[in-house]
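Survey of secondary and tertiary structure
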Amino acid sequence: MAFTWTDKQNTPLTTSTPSNQLRKSIKAAAIGSAIGLGTLMSSSAMALKTDFGMEYRATAFGVTSDAFDSTDPGTSDTDTGFGHLIRVKANFLDEDTGISVYTSVELAGDRWVGDNHGAASPANDQAFNTGSRGDNVRLDLGYVQIPVGHTIFRVGRQATSYNNCFLVCDDRRDRVLMIQPLSKKTTLVALYDRRQDSTPFANQDNGDMTTLGITSKITDNWTAGLVYVQWMNNYEGMTPHPGGGAAPYVLNNVTLFSGYVSGGLGDVAKATLGFNYFTNGNVENGVDDQFFTDQSPSGYLRLEGDAGVVDWGLQYIMSKDGGLISPGFDTYSSLINNNPDSTQSPTSMYRMGGTLGVKGYDEEVIAGKLTWNLTDKFAVTGAVGQLSVDNSVVDDDSMFYDLQFSYQVNKTLRTWLSVGMLEENKAGVLSSNGLVGPLPSAAFADDDVKAASLNMTVNF
């Protein structure tokens, strides 16, 4: 039985059979609410500006070398695989305050392991992103940007590259950052990173670092930058920790200077000179003076230009006493470095400048490349160079050769094929990459290493 009440004319009304007048009243109230809600939403929308995007990357790859032969009868000297990467991006700007939030979520970034990911993924953790394992959705970027006058503050997980990828390349950092313009041509940067904090109440594994940097446009054609980095002093002694527990963070109390200068040499070429210099450090492994306890320099000199439809490049790269070079630095070889932290390359098989301060461990690369721009969209690049390694016991040289075909289909879609070879080396060791995963053997003293990949990216 329905509840009843009366209107002004004492006409019985029920909740199940409203009168025309009540219908009109309900309709008017609904319209008023809609108008009010629409006004509220439109005012918010006017103040909030959004920007969405996505990135998709797919790769098919293969690596081979007799050096991968193993006594295990179940292994092979060749590996092939596929992988893909999907990132969805959303940025938000409050136009009234200028405060913005930047986000990127990695929906997938793994090597294909078959349909049954639940069973396969725990045992197969190869991924594009060295910090991402398996099929879990994860945060790629997430930070807030707050302008205060001409100063900008950023707090959260941020992307970072510096010194043409010589110090760091496409990495992700949990960071507090301040950007302070000093003039129209000079900018000061100060930041704090927490690189590691895996075990509570074990300060020796904390990776704290502070950075002060400056970039400046010296002339109309020349720019320069310099950063000073200091890791906090949370531990001093040997690793592993003599008392057990969490392993110490190996860069405790390390001091770093990294800088570059870049500019045009008339109409002929662009020159870039950069360096990393590590010193101090409290952590030792007791075997080979590792972990930057002494002076460890690295540097590069690069000349690049164009001659009509041909672009060219020459460069010299060196690392002394285990000096650091980012894995993402472009050596002109697809097998040496060229492996950004958060977007791995499956053909990168040798890491130059990755020993973290081994005294007496020296590496050099001399390389050149030519790119023929056959059309506005299609280009062919060839590169050749030499890798020299001296591990203080043995020294050896290896030639490398690379060929790449690249086609920019449209503004969104790009494809490329790369093929490379690195000759055998008695002093060096292979390090592989996040997509290929562990190698059967790191030594390649007896055979060349070859790798190829077919790639596609979509960005919008």
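Right above here is the structure, for reference.
Keep in mind that what you see is a predicted model, and the values were worked out from it rather than measured.

A few points about the nonpolar core
- Within the largest apolar cluster, 33 residues are counted, with the highest numbers of intra-cluster contacts made by Ile317, Tyr350 and Leu422.
- Elements that contribute at least two residues to this core include exactly strand 3 (48–64), strand 18 (362–373), strand 19 (378–390) and strand 24 (449–459).
- Here this core takes three residues from strand 19, the largest share from any one element.
- Beyond its immediate chain neighbours, meaning those up to four positions away, Leu422 contacts Leu335, Ile336, Tyr350, Leu387, Ser398, Met399, Phe400, Phe444, Asp448 and Val449.
- Grouped together as the second largest cluster of nonpolar side chains are 18 residues, Val229, Tyr249, Val254 and Val283 included.

Regarding the pattern of salt bridges
- Using the criterion set out here, one finds 17 salt bridges in the structure.
- A salt bridge links Arg172 to Asp170, with the shortest nitrogen-to-oxygen separation between them at 3.0 Å.
- Residue classification places Arg172 among the buried residues on the basis of a relative accessible area of 10%.
- Take Asp170: its relative accessible area is 18%, and that puts it in the buried class.

Observations regarding the state of the cysteines
- Applying the stated criterion to the full structure yields one disulfide.
- Two residues share a disulfide in this structure: Cys165 and Cys169, whose sulfurs sit 2.3 Å from each other. Given an S-S torsion of about 60°, the disulfide between Cys165 and Cys169 has right-handed geometry.
- Looking at Cys165, the relative accessible area reads 18%, which means it is buried.
- Since its relative accessible area comes to 5%, Cys169 is described here as buried.

Here we look at the packing of aromatic side chains
- Tallied over the entire structure, the rule returns twelve aromatic pairs.
- The interplanar angle of 65° and the centroid separation of 6.3 Å between the aromatic rings of Tyr350 and Phe444 together place this pair among those described as edge-to-face. One end of the pair, Tyr350, is in the loop between strand 17 (310–319) and strand 18; the other, Phe444, is in strand 23 (residues 443–444), with 94 residues separating them in the sequence.
- On the basis of relative accessibility, which here comes to 1%, the residue Tyr350 falls in the buried class.
- Judged by relative accessible area, which is 0%, Phe444 ranks as buried.
- A connected cluster of aromatic rings, assembled from ring pairs, spans Phe166, Tyr300 and Phe329.

Focus: the environment of Gly353
- Its location among the elements puts Gly353 in the loop between strand 17 and strand 18.
- Sequence-wise, Gly353 and Gly323 are 30 residues apart; in three dimensions their C-alpha atoms are separated by 5.7 Å.
- Ignoring sequence-local partners within four residues, the contact set of Gly353 consists of Ser319, Gly323, Leu324, Ile325 and Glu363.

Some remarks on a nonpolar patch on the surface
- On the surface, a nonpolar cluster with roughly 600 Å² of combined accessible area is contributed by Leu182, Leu212, Ile214, Leu226, Tyr228, Phe257 and Phe275.
- Looking at the nonpolar patch, the elements with two or more residues in it are strand 10 (208–217) and strand 11 (222–231).
- Structurally, the position occupied by Leu182 is in the loop between strand 8 (168–181) and strand 9 (186–194).

The rules behind each value
- Residues numbered from 1 in each chain as written.
- Predicted model: local features only at pLDDT ≥ 70, side-chain atom pairs only at ≥ 80, totals over all residues.
- Heavy atoms only, no water.
- Core = buried A, V, L, I, M, F, W, Y, C linked by side-chain atoms within 4.5 Å.
- Buried < 20%, exposed > 50% of the residue type's maximum accessible area, 1.4 Å probe, protein only.
- Helix = DSSP H or I, 4+ residues; strand = E, 2+ residues; numbered from the N terminus.
- Contact = heavy atoms within 4.5 Å.
- Salt bridge = Lys/Arg side-chain N within 4 Å of Asp/Glu carboxyl O.
- Disulfide = S-S within 2.5 Å.
- Phe/Tyr/Trp six-rings, centres within 6.5 Å; stacked < 30°, edge-to-face > 60°.
- Patch = residues over 30% accessible without salt bridge, like charges linked within 9 Å, V, L, I, M, F, W, Y side chains within 5 Å.
- Areas by Shrake-Rupley, 256 points an atom, 1.4 Å probe, with all protein chains shown as cover.

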